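Examining the three-dimensional arrangement
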Amino acid sequence: MSVDQGVDGGSEERPEARLDQAVRVAEQALIEFEIAVETFRVEVENFSRLHHQKLGPVYARLDELDAQIAEARAARSGDPEDLRRAQEARAAVMPMPGVEELFHDWVDSDGLSAEAAAMLTDRPVQPPKRVRPSDEVRRLYRELARKAHPDLARDEDERKRREEFITRVNAAYARGDEGLLRDLSEEWAAGPAPESRLSESEELYARLEWLAQRKEMLSVVARELEESAIGAMLRMAPDDPDRLLEEIAEQLLAQVAEREAELAGLVG
């Protein structure tokens, strides 16, 4: 009987081993979630920047046309209500202090820059960077994030090293810098391997609790991104966000043409 018990006892897996496995599964799940959130955050940030950069001049042109149309109607009718509407429309397109700083290369002291004006005249213009980094950049980023993520650290020194490194990885990914990501991959491969040691049950339980809290925090971030105006637009075209910008531009330019025709009819 004692021999059988010894055999059975030896075949049982220690509770700490099962807990350690649960921690490792939770870590990988959290990292995959963080990768997805960071990927979407970069796309939202890029889409927002390009939306303002590419379509800002068209929105400005629409506002200017609306003001001119309102002023033309007021000039024809002389109605006080039409005059009030014209004043409000004109006030909406008055330049704000610091507009050059806000729009950088797209607006200068003389008005729209050459690049911005080209958007309204179909002249060639250097295209802005894509909303979504290339497939290879995305692959390199995910590979690095899975290897070097701070959530895999088991002590404070290792976490700091990983956090510093992953910050550089995130910056390279946001710029779509494939060459730098490859250099970072080589750097990580040549660096010290993370320490691996058996944790006590209390530490493992605390680790699981921290992972759960981190997941909840990321869920809030992801929800805010998805519910934002830009995030909602991106979810309309998850496979080709750059094409969505082109479609919006086409719609806005059609509205510009309609407004110009309406204005010509009023002042002609």
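Structural notes, computed from the coordinates. Quick caveat, the model's predicted, so the values are computed rather than measured. (Residues numbered from 1 in each chain as written. Predicted model: local features only at pLDDT ≥ 70, side-chain atom pairs only at ≥ 80, totals over all residues. Heavy atoms only, no water.)

1. So, the packing of aromatic side chains
If you walk through the whole model with that rule in mind, you get two aromatic pairs. Aromatic pair Y141 and Y173: ring centres 4.2 Å apart, planes at 20°, arrangement stacked. With Y141 in helix α6 (residues 135–148) and Y173 in helix α7 (residues 156–175), this residue pair connects regions lying 32 residues apart in the sequence. Judged by relative accessible area, which is 3%, Y141 ranks as buried. Given the relative accessible area of 0%, Y173 is considered buried. The interplanar angle of 40° and the centroid separation of 5.0 Å between the aromatic rings of F165 and W188 together place this pair among those described as tilted. With F165 in helix α7 and W188 in helix α8 (residues 178–190), this residue pair connects regions lying 23 residues apart in the sequence. In this structure W188 comes out as buried when scored by relative accessible area, which is 11%. Across the ring face of F33, the terminal group of K215 is positioned such that the distance to the ring centre comes to 4.4 Å. (Phe/Tyr/Trp six-rings, centres within 6.5 Å; stacked < 30°, edge-to-face > 60°. Helix = DSSP H or I, 4+ residues; strand = E, 2+ residues; numbered from the N terminus. Buried < 20%, exposed > 50% of the residue type's maximum accessible area, 1.4 Å probe, protein only. Lys NZ or Arg CZ within 6 Å of the ring centre and 35° of its normal.)

2. Overview of the side chain of E43
Here E43 shows up in helix α2 (residues 15–77). Not counting residues within four places of it along the chain, the set of residues in contact with E43 comprises V131, R132, R138 and L234. (Contact = heavy atoms within 4.5 Å.)

3. Re the pattern of salt bridges
As enumerated under the stated definition, the model contains 29 salt bridges in all. Residue R162 pairs with E158 through a salt bridge whose shortest N-O separation is 2.8 Å. Here R162 and its partner E158 are both found in helix α7, four residues apart, which amounts to about one turn of the helix. Considered together, R162 and E158 belong to a single accessibility category, that of buried residues. (Salt bridge = Lys/Arg side-chain N within 4 Å of Asp/Glu carboxyl O.)

4. Describing helix α9 (residues 201–227)
Along its 27 residues, α9 runs 39 Å from first to last C-alpha, staying within 8% of the 39 Å computed at 1.5 Å per residue. Every buried residue of α9 is accounted for by S201, L204, R207, L211, L218, S219, A222 and L225. Turning to α9, the residues buried within the fold contact α2, α7 and α10 (229–236). (Expected span 1.5 Å × (residues − 1).)

5. Comments concerning the packing of α2 against α6
α6 packs onto α2 with a crossing angle of 140° between their chain directions and a minimal axis gap of 10 Å. The orientation of α2 with respect to α6, classified from their angle, is oblique. You can see that α2 and α6 cross each other, and the crossing is right-handed. Counting all contacts with α2, which are made through I31, E32, I35, E38, T39 and E43, the residues of α6 involved are R138, Y141, R142, A145 and R146. When grouped by side-chain class, the residues that make up the contact of α2 with α6 number four nonpolar, one polar and six charged. (Axes fitted to C-alpha atoms, helices over the stretch in contact; angles between N-to-C directions. Parallel < 35°, antiparallel > 145°, perpendicular 65-115°, else oblique. Left-handed = near helix turned anticlockwise from the far one by under 90°. Nonpolar A, V, L, I, M, F, W, Y, C, P; charged D, E, K, R; others polar.)

6. Digging into the environment of R146
With respect to the secondary-structure elements, R146 resides in helix α6. In sequence terms R146 and Q28 are 118 residues apart; their C-alpha atoms lie 7.7 Å from each other. For R146, the residues in contact, after removing those within four places along its chain, are I31, E32, I35 and L152. Within the structure, the side chain of R146 is placed 2.6 Å from the side chain of E32, a separation counted as a polar contact. (Polar contact = N/O pair within 3.5 Å; in protein donor to acceptor, adjacent residues only side chain to side chain.)

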